[in-house]
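Per-entry structural report
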Amino acid sequence: MKAKEAWFKKGMKDGIPIALGYFAVSFTLGIAAKNAGLTAIQAMLMSLTNLTSAGEFAALGLISSGATYLEMAVTQLVINLRYCLMSCSLSQKIDPKSPYYHRFIFSAGVTDEIFGISSNIEGKLSPFYSYGALCVAVPAWTFGTFLGVVAGNIMPVRVLSALSIALFGMFIAIIIPPAKEDKVLAGLIIISMLSATLFYYLPIISWISSGFRIIILTVVIAGIAAVLFPKENEEGEEHEI
Amino acid sequence: MKFNIYLYIIIMALITYLIRMLPLTLIRKQIKSKRIRSFLYYVPYVTLSVMTFPAILTSTSSIWSALAGFVTAIIIAYRGGSLIKVSMGSCIAVFLLEFLI
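Residues numbered from 1 in each chain as written. Chains lettered and ligands numbered in written order. Predicted model: local features only at pLDDT ≥ 70, side-chain atom pairs only at ≥ 80, totals over all residues.

**Some words on the interface of chain A and chain B**
This is how the line gets drawn: Each residue gets a C-beta atom placed from its backbone, and two residues are in contact if those atoms lie within 7 Å. Helix and strand labels come from DSSP, where a helix needs a run of H or I of at least four residues and a strand needs a run of E of at least two; each type is numbered from the N terminus. Put simply, Ala, Val, Leu, Ile, Met, Phe, Trp, Tyr, Cys and Pro go in the nonpolar bin, Asp, Glu, Lys and Arg in the charged bin, and everything else, Gly too, in the polar bin.
Listed per partner, the contact involves 85 residues of chain A and 63 residues of chain B. Top element by residues in the side of chain A that touches chain B is helix H10 (residues 166-181) of chain A. It accounts for twelve residues. Its residues assigned to classes, the side of chain A that touches chain B shows 55 nonpolar, 23 polar and seven charged.

**Thoughts on helix H7 (residues 112-119) of chain A**
Under the convention used in this document: Residues are called buried when their C-beta atom has 20 or more other C-beta atoms within 10 Å, exposed when it has 12 or fewer, and partly exposed otherwise; all C-beta atoms are positioned from the backbone.
Burial of H7 of chain A is extensive: eight of the eight residues sit out of reach of the surface. Among the residues of H7 of chain A, those classed as buried are Asp112, Glu113, Ile114, Phe115, Gly116, Ile117, Ser118 and Ser119 of chain A.

**Notes on the domain arrangement of chain A**
Residues and elements named next belong to chain A. Selection rule: Domain limits in this description derive from either an automatic procedure or a database domain assignment.
If you check the domain split of chain A, you get domain 1 (2-177) and domain 2 (182-241). Relative to domain 2, the C-alpha centre of domain 1 lies at a distance of 22 Å. Residue-level contacts link eleven residues of domain 1 with nine residues of domain 2. At three residues, helix H4 (residues 69-80) tops the list of elements feeding residues into the side of domain 1 that touches domain 2.

**Some thoughts on the packing of helix H11 (residues 183-201) of chain A against helix H2 (residues 34-52) of chain B**
We apply this condition: Between the N-to-C directions of two axes lies an angle of 0 to 180 degrees, each axis being a line fitted to C-alpha atoms and, for a helix, fitted only over the stretch in contact. Geometric relationships in this document are graded by angle, where less than 35 degrees denotes roughly parallel, more than 145 denotes roughly antiparallel, 65 to 115 denotes roughly perpendicular, and other angles denote oblique. Left-handed is the label given to a crossing in which the near helix is rotated counterclockwise from the far helix by less than a right angle, and right-handed is the label when the rotation is clockwise.
At a minimum axis distance of 8 Å, the contact between H11 of chain A and H2 of chain B shows a crossing angle of 40°. In terms of their interaxial angle, H11 of chain A and H2 of chain B are classed as oblique. Note on packing geometry: the crossing formed by H11 of chain A with H2 of chain B is right-handed. Together, Leu185, Leu188, Ile189, Ser192, Met193 and Ala196 of chain A of H11 of chain A and Tyr42, Tyr45, Val46, Ser49 and Val50 of chain B of H2 of chain B make up the contact between the two elements.

**Observations concerning unusual backbone geometry**
Residues phenylalanine 53 of chain B and proline 54 of chain B are joined by a peptide bond in cis, for which omega reads 5°. Even without being glycine, leucine 51 of chain A reaches a positive phi, approximately 50°. Within the fold, leucine 51 of chain A resides in the loop between helix H2 (40-50) and helix H3 (53-64). The class for leucine 51 of chain A is buried, based on 28 C-beta atoms found within 10 Å.

See the structure below:
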């Protein structure tokens, strides 16, 4: 019992920077939702049930253009396919001793950011850590969307701009510390960022959507790294991420 | 024909949930292959790096404030700052720089 509470509290604490970033992004999302013709309730419902910024922004575009339901389904599949990769990674991270049904609840909250902080945990991951973070982050995401719809112009642009970098700052806080001691990780981070920049700016390749860019680069770079620098991780060792 | 917004939302939510849920529930056992384990070990670092850069540069109102936030985050993270410190530090750097320019 104690351990669950401790995990939950730790999750809530790490959920704070996520909540700040989510608020900024979802506020902008709310403004877009209003322009697409959604009511505040509909926009809130969308945010609460989806928890995916890229997917929701794309959905708003589809809704306002009157796309078919099939188009909606395929677009969501393509944009959100990266979560599949994250869930594969987390399937090995989640504590095998925690009851199976937790996996059904836990998986609803696999966002880029929850994935980030969950991977950052040393050793096995308790689902209660994720629940704690979600308890803080999801209300911010949902309420931010609501506010964006009903009061899109009350938020000072400067504050919104500053908060928009919060999630990226958090990603940096996750990847940099372990790279200090591990030269392979440091190299991987630099190569990944440079490759993403190439994919972003080079002609033709830059047509690849951001969702697929993430998937392709992750599979290729992590794949090559796994072949060249396999981790010596035997049973019982708790140093895998 | 007018489409129903609630139906759109249900379809989105369902697809997105399935993508997240299937790997987590289908892969129950610990993977033994050293190669796959190593791959999954590297996945978060590569994914988070690819998502951060260059996207971070266009996240704020100007590339200069974004750069300031990026550099600030790296410095605080390198010194072992917590998630919230690094995150808020980069926000403050952006805010201050946008105040100046």
